[in-house]
Amino acid sequence: MPLFKNLIAGEWVEGVTTTRNINPSNTDDVVGEFVGASAAQVVQAIAAARAAFPAWSRTTAQVRADILLKAADELFARRAELGELLSREEGKTLPEGTGEVIRASQVMRFFAGETIRLRGEIFPPVRPNVTVEVTREPVGIVGVITPWNFPIAIPAWKIGAALAFGNCVVFKPADLTPACGWALVDILARAGLPAGVLNLVMGRGSVVGDPLVDGVDAVSFTGSVPTGRHIATRAIGTMTKIQLEMGGKNALVVLDDADLDVAVECAVNGSFYSTGQRCTASSRLIVTEGIHDRFVAAVKDRLAKLVIGNALNADTQIGPVVDLKQLESNLRYVEIGKRDGAVCTGGERLTRASPGFYMAPALLAETTSTMQVNREEVFGPVAAVIRVRNYDDALATANDTIFGLSSGICTTSLKYARDFQRNSEAGLVMVNLPTAGLDYHVPFGGRKASSYGPREQGSYAAEFFTVVKTCYVHP
Ligand code: NAP
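Parameters at a glance
Residues numbered from 1 in each chain as written. Predicted model: local features only at pLDDT ≥ 70, side-chain atom pairs only at ≥ 80, totals over all residues. Heavy atoms only, no water. Helix = DSSP H or I, 4+ residues; strand = E, 2+ residues; numbered from the N terminus. Rg over C-alpha atoms; globule rule 2.2 N^0.38 Å. Contact = heavy atoms within 4.5 Å. Areas by Shrake-Rupley, 256 points an atom, 1.4 Å probe, with all protein chains shown as cover. Phe/Tyr/Trp six-rings, centres within 6.5 Å; stacked < 30°, edge-to-face > 60°. Pairing = 2+ DSSP bridges. Axes fitted to C-alpha atoms, helices over the stretch in contact; angles between N-to-C directions. Near = heavy atom within 4 Å. Polar contact = N/O pair within 3.5 Å; in protein donor to acceptor, adjacent residues only side chain to side chain. 1 Å grid on protein atoms, 1.4 Å probe; cavity = no way out; pocket = protein on both sides within 12 Å on 5 of 7 lines; lining within 4 Å. Sits in = over half its atoms within 2 Å of the grid points. Nonpolar A, V, L, I, M, F, W, Y, C, P; charged D, E, K, R; others polar. Buried < 20%, exposed > 50% of the residue type's maximum accessible area, 1.4 Å probe, protein only.

## Some remarks on the overall build of the chain
Across its full length, the chain holds 14 helices and 25 strands. For the chain, whose C-alpha radius of gyration is 23 Å, the value lies close to the compact-globule estimate of 23 Å for 475 residues. Along the first, second and third principal axes, the C-alpha atoms of the chain reach 70 × 65 × 40 Å. In the chain, of all internal contacts separated by at least 6 residues, the share reaching a separation of at least 24 is 73%. In the structure as shown, the chain presents an accessible area of about 18900 Å², 55% of it carried by carbon and sulfur atoms.

## Let's talk about the packing of aromatic side chains
Any two aromatic rings considered together are summarised by their centre-to-centre distance and by the angle between their planes. Overall, the coordinates contain nine aromatic pairs when judged by the stated rule. Ring centres 4.6 Å apart and planes at 10 degrees place the aromatic pair Phe4 and Phe34 in the stacked group. Residue Phe4 is located in strand S1 (residues 3-4), and its partner Phe34 is located in strand S5 (residues 26-36); the two are separated by 30 residues in the primary sequence. Taking the centre distance of 4.9 Å and the plane angle of 75 degrees together, the rings of Phe4 and Trp182 count as edge-to-face.

## Observations concerning the sheet that holds strand S25 (residues 466-473)
Taken in spatial order, the three strands of this open sheet run S6-S7-S25, and their pairing is antiparallel. Every interior strand has two partners, whereas the edge strands, strand S6 (121-123) and S25, have only one. Pairs of neighbouring strands in the sheet enclose a mean axial angle of 25 degrees, with direction left out of account.

## With respect to the site of the ligand
What surrounds the ligand is a group of 28 residues, the closest being Asp175, Gly205, Ser224, Met246 and Glu377. Here an oxygen atom of the ligand and a side-chain polar atom of Trp148 are 3.0 Å apart. In this structure, an oxygen atom belonging to the ligand sits 2.5 Å away from a main-chain N or O atom of Asp175. Its free accessible area being 910 Å², the ligand has 88% of it covered by the protein chains. Structurally, the ligand is housed in the largest pocket. For the shell around the ligand, the secondary structure elements donating two or more residues are helix H7 (205-215), strand S11 (218-222) and helix H8 (225-237). Among the elements that take part in the shell around the ligand, H8 stands out by supplying three residues, more than any other. For the shell around the ligand, the per-class residue count stands at 13 nonpolar, 10 polar and five charged.

## Thoughts on the environment of Ala164
The topology assignment puts Ala164 in helix H5 (residues 153-164). A sequence separation of 94 residues divides Ala164 from Lys70, and the C-alpha atoms of the two residues are 13 Å apart. Residue contacts for Ala164: discarding those within four places in its chain leaves Arg64, Leu68, Phe111 and Thr115.

## What to know about the side chain of Ser369
Examined against the element boundaries, Ser369 turns out to sit in the loop between strand S18 (362-367) and strand S19 (382-388). According to the relative accessible area criterion, Ser369 is buried, its value standing at 13%. Separated by 2.8 Å, the side chains of Ser369 and Asp400 make a polar contact.

None of this, on its own, says anything about what the molecule does.
This is the structure:
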């Protein structure tokens, strides 16, 4: 059984625990054993990053760009192999897994370019003979904490941005999916990063999390709201800069004038692809009454035809749930929905040739906005339909949530599309597109409880991963 170690100060080192990484499509298949760091090792990793920072932060943009480009090339060249690894450890289908690896490569390439695009500003002076310059410098040592559902793309867009601007990194991947994070660190280290610039501390968040947050200058976190809140509370004590991307309860609005085929495709893709395990998944389908019954019938038809199975099978469209705990939580939400009066299609556990965590996607019809299934994030292939009278009701219902990550509308009316774009209380708005599915060169993030701090991705990433210095110079 291969044992995957942590990277501290340029050395692959043993940890204090080991975790078996299990394939959710086939629980007899062990992806590998991964070590877990102790709190003391996290402190060592931060010290290694601090030691590496002075030299790394003063490298030329070209040096950093070349390393990121080399990593991008290797990610792309190994997309099939790493895509399969991702599917094995997380349960995404092979096209989804390969697509995510390609995305990681694109992100690295983009941030390689950002190293040379970073710029400052010179302002006209208001005092004689004084020049005023605003420049950006790296923020320092960045702690990167990531979830299991995008195990290579999210680490890539955080680590890529951090390194591009001259920061050093201590990275903690999710305990459920460490293999992709490990592979990414291995690729970046071999691409030429000096020792200590990027450190890997795998292990449980309950062990690794606090010492990591306590010791770094900035934390870029993606995960659930409770963990984000914990990190925020802790980070305030040390005035540590934070960027938190968290959960969603994303609404897809379908109006009477929508193209039915487009609306059904958006709903099925947005709600159930990637097994519904996307922060941007459409978990609330808000449908006006003129199209409601036709829409629900058509979504049910599509669900009946979806192939659910082993993520590595070529014909699979929906892979398994990531683990037993998440599967049980999804099934519990289905029961809660039924208890509260929802009319459920699907939502049962399935068996397949290999032992795994399979479930039929669940469509909960006839729900209301106040039901528990419409208030809390499920994070699985479970979508609830809310019938509304008109556009105004639809918009109010879409915004009736503590979350504000993504939202979508299916309509052929420019008037309603534009009004929704302006008045949706979400950070991302999609018109006639699924609520999930994003480009890598533009900012990503939400509002309300879904996000806190500056945006990720695109050139906006510089806001978090650099600090501004204002300099007044008199000759
Ligand atoms: P999670 O339980 O909050 O875990 C996220 C990461 O935080 C994991 O690496 C976890 O470690 C770590 N962690 C746990 N306790 C910690 C602590 N006390 N201090 C520091 N780190 C700690 O979330 P998840 O279940 O992995 O991911 C699902 C959630 O992520 C959903 O809510 C989803 O919506 C959200 N998400 C949001 C986005 C976005 O961009 N908005 C994208 C993807 C996912 P372990 O390894 O021990 O779990």
